[in-house]
Amino acid sequence: MRRFLELRCNSNLFGSTTVGWVIVVIFLSLALLSTETPARDYLFPYAPYLQIGFLVSVSATAISCIRLKMYSASFLFLVLLYVLCILAFASSLWSTCGYLVIKRTFMIFGSSIIIALLAVSDTKPIETFTKLAQVMAIFGGAVSLLGLIIYFFGNIEAKDFGLVQSLAHSPILSQRIYTSSSFLRISSLFGNPNNFASCLMLTLPMSIYLFLSRSYKIKVGCIFVILIQICALLLTLSRAGILSTVLGMFLLLWISARKRFIQRKHVLILLFFSMLIGIISLYFSGMYQTERASIDLNSRDMIWYTLWQSILNKPFLGVGFGVSYEAILEPKGLLFAAHNTYLAILSELGIPGFILFVLVWIFPILNGRNKLKNASTSTSLPLATSLAISVA
């Protein structure tokens, strides 16, 4: 019976393993359920509860496929992730927003742990990564193309909650836009330009991975998808999103050059022309004149100061995972998120939780870097892409 289950779990399904397809479906569902209307409501009603129900059903279905090796690097990473998850759940005991802490902990760590367990159990990780890259590149290209079409052809309307661009007044063919001087920042289906840029930070390196690993005919399509996403990323005018994505893309291309997937001189030429196009675009669009092109923190210094004061008051316990806005900022009249992951985690989980968070983030990067040194040709590019995304 056990042998039958192993064969069944490792059987091919459209060229990939069952475990691999489950991973792809989880990522796609998380991306779809994170979409929002211009009013910042979920595009799919009850999206958080749909996500929880989906994760529970996936866990029950895929549990027989999980295979762990004790004392391996992957096992140590899972232990760190579990400990961080337990601490996040425990923080609900002393938080003023206990129910919200439990819900957000389950949503974030539930998907993370399931994906991690399935990833270390996957017998064909390269095929899975390639399939995931294809799906995420299509998703990134689609939401980018939608945002650009609405930007150039949509009508602008003033709503109670802000400005909206739409085609035919459709909730799907519309996006929330934010003004920066005379420049409009797009958000596509994510309700916020920064959230949209965070999505592209994942999908752009994966699109480049496909470009580097596919045949000539597919490369042409990859170029189109990459250019569409770059244009959309620039129009978000998200400084952190753009810088992080550029860092990830540069790292991926540089490692690829070292591993001879692409010549180093081509990387330098590509970077030169990308910078030239970016400078020309900024000049003729007038984007360089906006406050987004300055080093102004846009009131974030007040947000960070408030978070820092909370850290000093509760250095070891924090206010509860995922609720720094509700527990710290909103009561002070600051109606913005933390805009700084490190300060947010420090204020929510305290120093012990922050140390665990850094370990969970750094450990896969160091492990991947060590594996990349002696990796085969087929493994190097997926590893390089994963490292680029993790560092960004």
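Residues numbered from 1 in each chain as written. Predicted model: local features only at pLDDT ≥ 70, side-chain atom pairs only at ≥ 80, totals over all residues. Heavy atoms only, no water.

Engineer: Any chance you could explain the pattern of salt bridges here in plain terms?
Structural biologist: Oppositely charged side chains are able to pair whenever their charged atoms sit close together. For the coordinates displayed, the defined rule picks out three salt bridges. Linking Glu36 and Arg40 is a salt bridge whose minimum nitrogen-to-oxygen distance equals 2.5 Å. (Salt bridge = Lys/Arg side-chain N within 4 Å of Asp/Glu carboxyl O.)

Engineer: Whenever I open this one, the side chain of Thr203 confuses me. Can you help?
Structural biologist: Positionally, Thr203 belongs in helix 7 (residues 193–213). We classify Thr203 as buried; its relative accessible area is 0%. A polar atom in the side chain of Thr203 sits 2.6 Å from the side chain of Gln229. When residues no more than four places from it in sequence are discounted, the contact partners of Thr203 are Met136, Gly140 and Gln229. (Helix = DSSP H or I, 4+ residues; strand = E, 2+ residues; numbered from the N terminus. Buried < 20%, exposed > 50% of the residue type's maximum accessible area, 1.4 Å probe, protein only. Polar contact = N/O pair within 3.5 Å; in protein donor to acceptor, adjacent residues only side chain to side chain. Contact = heavy atoms within 4.5 Å.)

Engineer: Sorry, what's going on with the packing of helix 6 (residues 125–153) against helix 7 here?
Structural biologist: Viewed as axis vectors pointing N to C, helix 6 and helix 7 meet at an angle of 130 degrees, and their least axial separation amounts to 8 Å. Judged on the interaxial angle alone, helix 7 and helix 6 are oblique. Handedness of the helix 6/helix 7 crossing: left-handed. For the pair formed by helix 6 and helix 7, the contact residues are Ile126, Phe129, Thr130, Leu132, Ala133, Gln134, Met136, Ala137, Phe139, Gly140, Val143 and Ser144 on the first element and Phe196, Cys199, Leu200, Leu202, Thr203, Met206, Ser207, Tyr209 and Leu210 on the second. (Axes fitted to C-alpha atoms, helices over the stretch in contact; angles between N-to-C directions. Parallel < 35°, antiparallel > 145°, perpendicular 65-115°, else oblique. Left-handed = near helix turned anticlockwise from the far one by under 90°.)

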